[in-house]
Amino acid sequence: KKGLVDKSLDFELRSLPFRKSDKRNDLDVARSYMGVGECYLAKKEFQTALRYLDSALVLQKQKIPAGLYAETASVYLLKAQCRAGQSNFSAAQGLVDSALLACGFKTGRYDEVLSPPQLLESLGYKGELYYLQYRNSGSEDYLNASLQQYNEAAAAIRHFRNTLLESESKATISYQFR
């Protein structure tokens, strides 16, 4: 795995100057920064990862001021993983909350979500963070919060599954009556 991470990092770093040469490619540059940050996260070089992820967020916010963007949610999740790797769980929780907002999520309101995959990943990771805090502290409050997050993720999965099934049913019925 280490060899693949190093190759990925080398590729991302070499592609960065080419992507930066065209100002219309700011979101591609942000993707490269995100890729570099993800590689440094895999190498457990958290400070370096955070620096690149912050650069990705700056570019994303310039291009998409509302911040509602799937890749923005992904960057926040990667930053959360860095902070958790540094045992800064409260900062990690705040970053996961930012990822949820970037998905367009408001508690219990799945119909406004722009990016279901990132939403589900964020909810699951938030549950994982609470569980890590439970394991570190033994506090039942963290265990209960973890369970609550996993229940929220399960509710979201049910919503998206049912929405998909409903859409497929409507498509099938409309096709039959052509």
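These lines cover the structure that appears in this document, whether it is placed above or below.

Calculation criteria
- Residues numbered from 1 in each chain as written.
- Predicted model: local features only at pLDDT ≥ 70, side-chain atom pairs only at ≥ 80, totals over all residues.
- Heavy atoms only, no water.
- Helix = DSSP H or I, 4+ residues; strand = E, 2+ residues; numbered from the N terminus.
- Buried < 20%, exposed > 50% of the residue type's maximum accessible area, 1.4 Å probe, protein only.
- Contact = heavy atoms within 4.5 Å.
- Lys, Arg positive; Asp, Glu negative; His and termini not counted.
- Charge placed at Lys NZ, Arg CZ, Asp CG, Glu CD.
- Salt bridge = Lys/Arg side-chain N within 4 Å of Asp/Glu carboxyl O.
- Axes fitted to C-alpha atoms, helices over the stretch in contact; angles between N-to-C directions.
- Parallel < 35°, antiparallel > 145°, perpendicular 65-115°, else oblique.
- Left-handed = near helix turned anticlockwise from the far one by under 90°.
- Expected span 1.5 Å × (residues − 1).

1. What about the overall build of the protein chain?
Part 1 of the argument: The helix and strand tally for the protein chain stands at seven helices and zero strands.
Part 2 of the argument: What you see in the protein chain, going N to C, is helices and strands ordered as α-α-α-α-α-α-α.
Part 3 of the argument: Summarising its shape, the C-alpha atoms of the protein chain cover approximately 55 × 55 × 35 Å along the three principal directions.
Part 4 of the argument: Per-residue burial over the protein chain gives 41% buried out of 178 residues.
Part 5 of the argument: Considering only contacts within the protein chain whose residues lie at least 6 apart along the sequence, 56% involve residues at least 24 apart.
Part 6 of the argument: Each charge class in the protein chain was averaged separately, 24 positive and 20 negative side chains, and the resulting centres sit 4 Å apart.

2. Some details on the pattern of salt bridges
Part 1 of the argument: One pass over the structure, following the stated rule, counts nine salt bridges.
Part 2 of the argument: Residues aspartate 54 and lysine 79 are paired through a salt bridge, measuring 2.4 Å at the closest nitrogen-oxygen approach. Note that aspartate 54 is positioned in helix 3 (residues 46-63) and lysine 79 in helix 4 (residues 70-85), a separation of 25 residues in sequence.
Part 3 of the argument: Residue aspartate 54 is classed as partly exposed on the basis of its relative accessible area, which comes to 34%.
Part 4 of the argument: Between glutamate 112 and lysine 106 there is a salt bridge; the shortest N-O distance is 3.2 Å.
Part 5 of the argument: What makes lysine 106 partly exposed here is its relative accessible area of 49%.
Part 6 of the argument: A single network of salt bridges, built from pairs that share partners, joins Lys106, Arg109, Asp111 and Glu112.

3. Structural notes on the packing of helix 5 (residues 89-102) against helix 6 (residues 116-137)
Part 1 of the argument: Where helix 5 meets helix 6, the axes come as close as 9 Å, and the angle between the chain directions of the two elements is 165°. Accordingly, the angle class assigned to the pair helix 5 and helix 6 is roughly antiparallel. The hand of the helix 5/helix 6 crossing is left-handed. Here Phe89, Ala92, Gln93, Val96, Asp97, Ala99 and Leu100 of helix 5 lie close against helix 6, whose contacting residues are Leu119, Ser122, Leu123, Tyr125, Lys126, Leu129, Tyr130, Leu132, Gln133 and Asn136.

4. Some remarks on helix 5
Part 1 of the argument: Taking 1.5 Å per residue, 14 residues should reach 20 Å; helix 5 reaches 20 Å between its end C-alpha atoms and fits that length.
Part 2 of the argument: Every buried residue of helix 5 is accounted for by Phe89, Ala92, Gln93, Leu95, Val96, Ala99, Leu100 and Ala102.
Part 3 of the argument: Tucked into the core, helix 5 has its buried residues touching helix 4 and helix 6.
Part 4 of the argument: Once helix 5 ends, the next one or two residues include glycine 104, with phi positive near 85°.

None of the figures reported here should be taken as evidence of function without further support.
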